[in-house]
Amino acid sequence: MSPDLRRQARERREYLQRRAREQQQQRQRERKESLRRALDENRLLPTELRREALALQKELEFDFQAPGGTGDSQDDEYRWAGLEPPKVMVTTSRDPSARLRLFAKELCLLLPGARRMNRGRAELGALVAACRAAGVTDLLVLHETRGRPDGLTVSHLPHGPTAHFTLSGAVLRQEVGGLGGAPLAAPHLLLLRLDSTLGKRVGTILKHLFPVPRPDSRRVVTFANEDDVILVRNHVYRRRGRTVELEEVGPRFQLRPYLIRLGTLEQGDAADVEWRWHPYTATAPKRRLLSAT
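The numbering scheme is per chain: residues are counted from 1 as the chain's sequence reads. Predicted model: local features are reported for residues with pLDDT of at least 70 only, side-chain atom pairs are reported and counted for 80 or more only, and whole-chain, interface and lining totals are derived from all residues. In computing side-chain properties, one takes all heavy atoms of the structure into account and sets aside hydrogens as well as water.

The protein chain is annotated in an unreviewed UniProt entry as IMP U3 small nucleolar ribonucleoprotein 4 of Taeniopygia guttata. UniProt positions are given in the numbering used here, feature names are shortened, and annotations may be inferred rather than shown by experiment. Looking at the protein chain in UniProt, the text filed under Subunit (unreviewed entry) is "Part of the small subunit (SSU) processome, composed of more than 70 proteins and the RNA chaperone small nucleolar RNA (snoRNA) U3. Component of a heterotrimeric complex containing IMP3, IMP4 and MPHOSPH10. Interacts with MPHOSPH10."

This is how it looks when you write it as structure tokens:
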């Protein structure tokens, strides 16, 4: 085994160990919180806590919340984000149509510094291995049905997560109309109504596809949540005296997450599922997953 493969295997083992330890600590915190609520409300202890109630109560006396909060594996995945610009690679499913190839090209214009790679006959394992060797931080794979882009997979390297989105309403730049040259500056980001736990997680995955913008950048990319559908818009603005002119430059599309796995793309079903959309439950039409209200 080469040194690079041994290093990747070691980093993956360390990451999984940290995650297992964090899950155990999270379960312990939940038991303590359940005990604290029972004591504060002067009600019977939950059955599963009665044997360890005394030990948990002793631990509660020494518990305190750190001023900076507690870090977890989700923070660890993006711990180097912002220090260097992300290296994003965009590719497609096999035998893409002309429209999907054009949409992949325009997605590279939306993401500053992104590069497009022809898929050819490459397997997912070889694709991810090549991206790791090249220092790619995120791999984006576009999918289509009958020439219509309908899926986007975002895999963060080297350890994950991998988010799967349904893509709809794709409008290319020339279809928006009235456009000049494509703006290449790093944009300011607006994440609107992504304030639930899942919404913040999805927002973290999306925002780290972009480099840190300069303060004088005149470009804005918006991710706006509307009924659990994320509207993606790309604008430039100009100041005219006291007014601001906003112009959409495209492309325009919508995203809806349906699966988040903790591993990378080539691991497939072997990776742990962090979240999955369940549309056929009784409360599915009433829930708002990406926003807190």
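**Re the pattern of salt bridges**
Salt bridges are identified by distance alone: a Lys or Arg side-chain nitrogen within 4 Å of an Asp or Glu carboxyl oxygen. The final tally for this structure, using the stated rule, is 12 salt bridges. Between Asp 216 and Arg 214 there is a salt bridge whose closest N-O contact spans 3.7 Å. Each residue gets one of three labels from its accessible area relative to the maximum for its type: buried under 20%, exposed over 50%, partly exposed in between, using a 1.4 Å probe on protein chains only. Of the residues examined, Arg 214 reaches a relative accessible area of 60% and is grouped as exposed. Across the pair Arg 252 and Glu 248 runs a salt bridge whose closest N-O atoms are separated by 2.9 Å. Owing to a relative accessible area of 25%, Arg 252 belongs among the partly exposed residues under this scheme.

**Concerning helix 5 (residues 124-133)**
Three or more residues of helix 5 are buried, namely Leu 127, Val 128 and Cys 131. Buried residues of helix 5, seen end-on, are gathered within an arc of 90° and therefore sit on one face of the element. Only heavy atoms enter the contact rule, under which two residues are in contact if any of them lie within 4.5 Å. Here a helix means four or more residues in a row that DSSP labels H or I, a strand means two or more in a row labelled E, and each is numbered from the N terminus. Of the surrounding secondary structure, the elements contacted by the buried residues of helix 5 are strand 1 (88-92) and strand 3 (138-145). Once helix 5 finishes, Gly 135 follows within two positions and takes phi at roughly 75°, a positive value. Here, the arc refers to the directions that run from the helix axis to the C-beta atoms.

**A word on the environment of Ala 114**
The residue Ala 114 is located in the loop between helix 4 (98-110) and strand 2 (115-116) in this model. For the pair Ala 114 and Asp 138, spaced 24 residues apart in sequence, the C-alpha separation works out to 9.4 Å.

**A closer look at the packing of aromatic side chains**
Pairing of aromatic side chains here covers Phe, Tyr and the six-membered ring of Trp, requires ring centres within 6.5 Å, and sorts the geometry by plane angle: under 30 degrees stacked, over 60 edge-to-face, intermediate tilted. With the rule as written, the count across this model stands at 2 aromatic pairs. Aromatic pair Phe 103 and Phe 253: ring centres 5.6 Å apart, planes at 85°, arrangement edge-to-face. Of the two residues, Phe 103 is situated in helix 4 and Phe 253 in strand 10 (residues 252-261); the sequence distance between them amounts to 150 residues. Comparing Phe 103 with Phe 253, the two get one shared label, buried.

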